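Spelled out, the chains give:
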Amino acid sequence: MKILLVEDNRELADSIYSLSAQEGYICEVADSLSDACQKLLLFSYDCILLDIMLPDGNGMELLTQVKLQHMNCGILIISAKNALDDKIKALDDGADDYLTKPFHLSELNARLRAIYRRKQLGGNTLIIHQEISINTVSFEAKVHSTLLDITRKEFELLLYLVVNKNRVISRQAIAIHLWGDYIDNQPNFDFVYQHIKNLRKKISAAGGKDYIDTVYGLGYKFNGDKYEISQ
Amino acid sequence: MKLASKFTLWFLGILILITPITITIGYYYIHQKIDQAETERLQTINDLVASQVKNGFKPAAYTLGRPVNIRRFKGPLPAALKQTERSSFFNKDLNRQDCRLTVTSYYHINSQNYQISSYDYIVKADEILSGMMRGVIWKIILITLAMAITAGIVSKYVMAPFYQTLKSIQSFSLKRQEKIYFPRTSTREFRKLNEFVQLMTDKLSEDYRSLKEFSENASHELQTPLAVIRSKLDLLANTPIQEDQAGLVADMQDAVEKLSRINRYLLLLTKLENHEFEHKDQIRFCTVTNHTLSIYQELIKLKSIQVSKKVDKHILIKLHPVLAEMLVGNLISNAIRHNLQNGHIQVELNAKKLIVRNTGIPPKIPTDELFQRFKKGNQSSEGIGLGLAIVKQICTISGFSVQYTYKDDWHIVCVVFNDRRVLTEPAAELSVLQ
């Protein structure tokens, strides 16, 4: 996947660049609107990560331009503005998704992947890892072609873990991914543990291996290489 | 009381106060003038009679029919050659008190001493007074009537600029960001008022704009560093680290989480205070309530909480959907969070109010204080203490009232809706779900 990152904050751009490197994406960084326009003229990208507030203008201008020229790239807005109106406006104007700062890198990754699946992979809605296959349209997950009897939240959790394969995902990131702002004033994230526990149980009941690792006090990791190394 | 009536009352008060004084003064002068005129007249008569006596005429020719009394007397002339005397007596024929003025003069004519006195009846003091009183009463009645009639008309005309100003202020809205203009007026006070109001509203608009700008800037300025910290921590967590380091990262992640949450809530409160959530459409409050309950299902199960709900259908309320979600979400998540294992939650919604009851440990501070920012039942708890402040703020700007009580082991939060924002459809049904 080839990404154009339009972000004026160097440190944040570095973080996203690192994420891209780890995930094997090609990422180019533009720190201003003019820079981004130039890059768009010369190259084509699968996805644009676009900050709205830029030193030389509003990121929405770029959005309009991309839409006018019918460029086939997904656009993910990353903005500090979290008002509902801003989100609605951005989505109306043709953005594919809207992520509010501060975000978790795993969340950004999951959304990038989702846009990529929709935009570039066309009908390919199946995500497969070894014996596990996930259908993002019918919301079904199978292990060795046995349909897993999981709730919607558990499905989303599994998808989130698999998409962020080999990444450590914090409990907070999982909680926010599954419940959004509703989780705000809960004192701990024990319920994440409960969900993980149920998911593990259901996968192993269907004959799947346990890929989900607990990483100290940090969170969880879908360890894709687990059994390849030990074998 | 209207300004015009106030002025009228003051004027009448002064009139009533001053009238007796003017009556006294008027009475005194009239009385004096009458006496003086009468005395002068009688004196002239006396002088005339005296000169007739001097010239040897018979005084009878002049005194005929007049009450003049001439007396020759021995002895020296008294020191005062002219004496006036008034005496009042009861006149039986007229059946009233009468007043007589007698002027006595002394003359030395042809080496003889004469005393000539004449008298006349004069208008009595009481009569002057009663006449004046009658006039004054008429005067007061006429003035009062005239004022009562004209006050309304004149005040409407004079006060017109004032009411115009009032109307402008009433329709002024900070959100619309438009200046208000006043028509020119010749009344100095109103001109001053208009100038002042103009200045004030301009200043308000300016302050509001800068506050809005600040809250937007603060959002951007704080969210970006937070995003940097969060992303770096994510990256750090993905490097090969040891258990103790992982513990440190986890603690930092918790703190950043809390920080970003506080930031978001404070910004939200500012936006609420700025009334940035105006909404004209109705939302289905019942749907919002049911939806919120279903979102928290997992958390409810985790604590084995029993939920009973009594939510009427078709409750339409004029409220921004974001605010409605936040209001119900905060109340229900609080009810879950501060609940006991195997506790209970009761949610009741009807066209009048929303009540959320939950079991839990008794509050340590007065329940009213829990609506204040950063006030927590347990100061060391993980929460940020802004949830109820937001509930309160949403209620305030929507004209709802909210109360938190603790009674019979139940924490009860009751939100009473503003009638003007509620629209109910008939055929409300009850649905009871365990």
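These lines cover the structure that appears in this document, whether it is placed above or below. (Residues numbered from 1 in each chain as written. Chains lettered and ligands numbered in written order. Predicted model: local features only at pLDDT ≥ 70, side-chain atom pairs only at ≥ 80, totals over all residues. Heavy atoms only, no water.)

Time to look at the interface of chain B and chain A. How big an interface is tends to be expressed through the accessible area that disappears when the partners come together. With 43 residues of chain B in contact, the opposing surface of chain A contributes 42 residues. Regarding the contact of chain B and chain A, the summed buried area is about 4000 Å², with carbon and sulfur atoms giving 57% of it. There are zero salt bridges connecting chain B and chain A. Taken together, the connections running from chain B to chain A amount to eleven residue pairs in polar contact (both at pLDDT 80 or more). Considering only residue class, the side of chain B that touches chain A consists of 15 nonpolar, 15 polar and 13 charged. (Contact = heavy atoms within 4.5 Å. Buried area = accessible area lost by both parts, 1.4 Å probe. Salt bridge = Lys/Arg side-chain N within 4 Å of Asp/Glu carboxyl O. Polar contact = N/O pair within 3.5 Å; in protein donor to acceptor, adjacent residues only side chain to side chain. Nonpolar A, V, L, I, M, F, W, Y, C, P; charged D, E, K, R; others polar.)

Turning our eyes to something else, we now look at the packing of aromatic side chains. All names here are of chain B. In total, this model carries eleven aromatic pairs over all chains according to the counting rule given. Of the aromatic side chains, those joined through ring pairs into one cluster are F162, Y163 and F190. When the ring centre of Y119 is taken as origin, the NZ or CZ atom of R100, which lies over that ring, is 4.6 Å away. Sitting above the plane of the F371 ring, K392 keeps its charged end 5.5 Å from the centroid. (Phe/Tyr/Trp six-rings, centres within 6.5 Å; stacked < 30°, edge-to-face > 60°. Lys NZ or Arg CZ within 6 Å of the ring centre and 35° of its normal.)

With that settled, consider helix α2 (residues 33–42) of chain A. Residues and elements named next belong to chain A. The set of residues buried in α2 consists of L33, D35, A36, K39 and L40. Buried residues of α2 fall within an arc of 160° about the axis and therefore sit on the same side. The outward face of α2, more than 90 degrees from its buried face, is lined by the exposed residues Q38, L41 and L42. Where α2 is buried, its residues meet β1 (2–6), β2 (26–30), β3 (47–51), β4 (53–54), β5 (57–58) and α3 (59–68). (Buried < 20%, exposed > 50% of the residue type's maximum accessible area, 1.4 Å probe, protein only. Helix = DSSP H or I, 4+ residues; strand = E, 2+ residues; numbered from the N terminus. Arc of directions from axis to C-beta.)

Residue and element names in this part refer to chain A. By the element assignment, S20 lies in helix α1 (residues 10–23). According to the relative accessible area criterion, S20 is buried, its value standing at 1%. S20 has contacts with I3, Y25 and C27, leaving out every residue within four places of it along the chain.

Our next topic: the packing of helix α6 (residues 152–163) of chain A against helix α7 (residues 171–179) of chain A. Residues and elements named next belong to chain A. Where α6 contacts α7, the two axes come as close as 10 Å, and the packing angle between them is 130°. The angle between the axes of α6 and α7 places the two elements in the oblique class. Considering how the two elements wind past one another, α6 and α7 form a crossing that is right-handed. Contacts from K153, E156, L157 and Y160 in α6 reach A173, I174, H177, L178 and W179 in α7. (Axes fitted to C-alpha atoms, helices over the stretch in contact; angles between N-to-C directions. Parallel < 35°, antiparallel > 145°, perpendicular 65-115°, else oblique. Left-handed = near helix turned anticlockwise from the far one by under 90°.)

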